[in-house]
Amino acid sequence: MFLRRWPLGGPGCVHKLGLNLQFLQGVRLHVRSSSLTDACTLSKVAPSQAPNPSSPGKGQDAQLSPPEEALWTTRIDGRVRLRVDCGSAQQPPCTVHQMFCRTLEKYGGLRALGFKRQGVWEHISYSQYYLLARRAAKGFLKLGLERAHSVAILGSNSPEWFFSAVGTVFAGGVATGIYTTSSPEACQYIIHDCRANIIVLDSQEQLAKILQIWKTLPRLKAVVMYREPPPEKMARVYTMEDVLELGAQVPEEDLDTILDMQRPNQCCVVIYTSGTTGLPKGVMLSQDNVGPVPRYHLDGTVQLAGKLHISST
């Protein structure tokens, strides 16, 4: 089922994002400062070629749920009626992409992610984060991600985890995390239950689990690895660099069309329990449910500290 919108303080609005030449040049420079983004060849994107996010404010009224929709659903491709008329919703409904565009407008040049590579701290700005998420989204589409199907993520905290999850939502899919300690049987249950087309994982140990169960997962089309490469060349097993390169082959307009079709009351995340007392249980979260929480905390944190880090080891 979907959870209701959380009541958050302060009025909110969705702003139109304008990318000028100076901003895009800044994106290019930031990309070159990180070994992760260097490996993705994003530094090859010229300022005039960088994607221009569709306006998050455009058609906002049309994205409100029609009155005939129910307040809950058990369908991963369903929609719900948002509780925007009961006094608890103090910010207008928005999609994850709209929230990200609003963040870019305010904090695009600030650090979004911090991580260590070979003992050295590196950082990814919100502008880079957005470009990586778009590139991952297009790569997942190239691998065959279908609407309202999942990309499952089985790995430790890392930038790849984050931009894979956001990229999944951008591509019209549903992001699903799996505990790294899960058994092959638990992985099989979750991957089947969330209708995953792709699984992203971080090590050969996790790959071994998936290879044991892949034959029982007819919807699973591809495995994507980060941190550790596959032990040998395997059919339908890709590195994250491969996926980002594949994403470069998909026109930006194709992704923009998918983003324009998204609505705040559609499912974008499924969260599963650990399954310690039985089979894992999944909870679906709508785009509007996911969006306001980080938006609220981001505004407060950035205003206080001037920057926000999400660290990984």
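Going by what an unreviewed UniProt entry lists, the chain is known as Long-chain-fatty-acid--CoA ligase ACSBG1 and is assigned to Rousettus aegyptiacus.

The next point concerns the nonpolar core. Of all hydrophobic cores here, the largest spans 42 residues; its most connected members are Tyr129, Phe140, Phe163, Phe170 and Val200. Examining the composition of this core, we find that 9 residues originate from one element, helix α4 (residues 126–143), more than from any other. One finds Leu201, Val223, Tyr272 and Met284 within the second-largest nonpolar core, a separate group that totals 26 residues.

Burial analysis of strand β8 (residues 267–272) places 5 of its 6 residues in the buried class, the great majority of the element. As paired strands, strand β4 (residues 174–177) and β8 are joined by 2 bridges and run parallel to one another. Residue pairing in the sheet places Ala175 in a bridge with Val269 of β8. In this sheet, strand β9 (residues 282–286) lies alongside β8 in antiparallel orientation, the contact comprising 5 bridges. If you follow Val270 over to β9, its bridge partner there is Met284.

Moving on, we come to the sheet that holds β9. The strand order β7-β6-β5-β3-β4-β8-β9 describes an open sheet built from 7 strands, whose pairing is mixed. Edge positions in the sheet fall to β7 (237–239) and β9, since each of these pairs with one other strand and no more. When the angles between neighbouring strand axes are averaged without regard to direction, this sheet yields 25 degrees. Judged from the 3 bridges that link them, strand β6 (residues 222–225) and β7 form a sheet pairing that is parallel. Residue pairing in the sheet places Val223 in a bridge with Val237 of β7.

The next point concerns the pattern of salt bridges. When the charged atoms of two side chains with opposite charge come close together, those side chains can pair. Under the criterion given, the structure shown has 7 salt bridges. The salt bridge involving Arg117 is made with Glu160; its shortest N-O contact spans 3.2 Å. You can see Arg117 sitting in strand β1 (residues 111–117) and its partner Glu160 sitting in helix α5 (residues 159–170), a full 43 residues away along the chain. Owing to a relative accessible area of 26%, Arg117 belongs among the partly exposed residues under this scheme. When salt bridges that share partners are traced, they join Arg134, Lys138, Glu252 and Asp256 into one network.

Now for helix α6 (residues 184–193). The α-helix advances 3.6 residues per turn, and as a result positions three or four apart in sequence lie on the same side. Considered for burial, the residues of α6 that qualify are Pro184, Ala186, Cys187, Ile190 and Ile191. On an axial view of α6, the arc spanned by its buried residues comes to 155 degrees, and they lie on one face. Buried residues along α6 sit in contact with β3 (150–154), β4, β5 (196–201), α7 (204–213) and β8. Where α6 terminates, the next one or two residues include Arg195, which has phi positive at roughly 60 degrees.

Right, let's get into the packing of aromatic side chains. Applying the stated rule across the entire model yields 5 aromatic pairs. A ring pair is formed by Phe100 and Phe170, whose centres lie 6.1 Å apart and whose planes are at 65 degrees; its orientation type is edge-to-face. With Phe100 in helix α3 (residues 96–107) and Phe170 in helix α5, this residue pair connects regions lying 70 residues apart in the sequence. Judged by its relative accessible area of 0%, Phe170 is buried. Aromatic rings pair up to connect Phe100, Tyr129, Tyr130 and Phe170 into one cluster.

This part takes up the packing of α6 against α7. One way to put it is that α6 packs onto α7 with a least axis distance of 9 Å and a crossing angle of 70 degrees. Relative to α7, the element α6 is oriented roughly perpendicular. α6 and α7 meet at a crossing whose hand is right-handed. Together, Pro184, Cys187, Gln188 and Ile191 of α6 and Lys209, Ile210, Gln212 and Ile213 of α7 make up the contact between the two elements. Class assignment for the residues of the contact of α6 with α7 results in 5 nonpolar, 2 polar and 1 charged.

A few words now on the pairing of β6. Where burial is concerned, the two faces of β6 agree: the one with Ala222 and Val224 and the one with Val223 and Met225 are both buried. Pairing geometry for β5 and β6, over 4 bridges, is parallel. Each bridged residue has a counterpart across the sheet, and for Leu201 the counterpart in β6 is Met225. For the crossover that starts at β5, traverses α7 and ends in the parallel β6, the hand is right-handed.

Averaged over every residue, the pLDDT of the chain is 78; residues scoring 70 or more account for 69%. Long-range and interchain partners of residues 1–33, a stretch whose pLDDT sits below 50, account for 93 contacts in this model, where long-range means more than four residues apart. Note that residues 54–67 has pLDDT below 50 and, in this model, 28 contacts with residues that lie over four places away or in other chains.

Here the focus is the side chain of Ser164. Summarising the element assignment, Ser164 is placed in helix α5. A relative accessible area of 0% places Ser164 in the buried class. A polar contact is formed between the side chain of Ser164 and the backbone oxygen of Glu160, at a distance of 2.7 Å.

Rules used in this analysis
Residues numbered from 1 in each chain as written. Predicted model: local features only at pLDDT ≥ 70, side-chain atom pairs only at ≥ 80, totals over all residues. Heavy atoms only, no water. Core = buried A, V, L, I, M, F, W, Y, C linked by side-chain atoms within 4.5 Å. Buried < 20%, exposed > 50% of the residue type's maximum accessible area, 1.4 Å probe, protein only. Helix = DSSP H or I, 4+ residues; strand = E, 2+ residues; numbered from the N terminus. Pairing = 2+ DSSP bridges. Axes fitted to C-alpha atoms, helices over the stretch in contact; angles between N-to-C directions. Salt bridge = Lys/Arg side-chain N within 4 Å of Asp/Glu carboxyl O. Arc of directions from axis to C-beta. Contact = heavy atoms within 4.5 Å. Phe/Tyr/Trp six-rings, centres within 6.5 Å; stacked < 30°, edge-to-face > 60°. Parallel < 35°, antiparallel > 145°, perpendicular 65-115°, else oblique. Left-handed = near helix turned anticlockwise from the far one by under 90°. Nonpolar A, V, L, I, M, F, W, Y, C, P; charged D, E, K, R; others polar. Right-handed = clockwise from strand over helix to strand, strands pointing away. pLDDT = per-residue confidence, 0-100. Polar contact = N/O pair within 3.5 Å; in protein donor to acceptor, adjacent residues only side chain to side chain.

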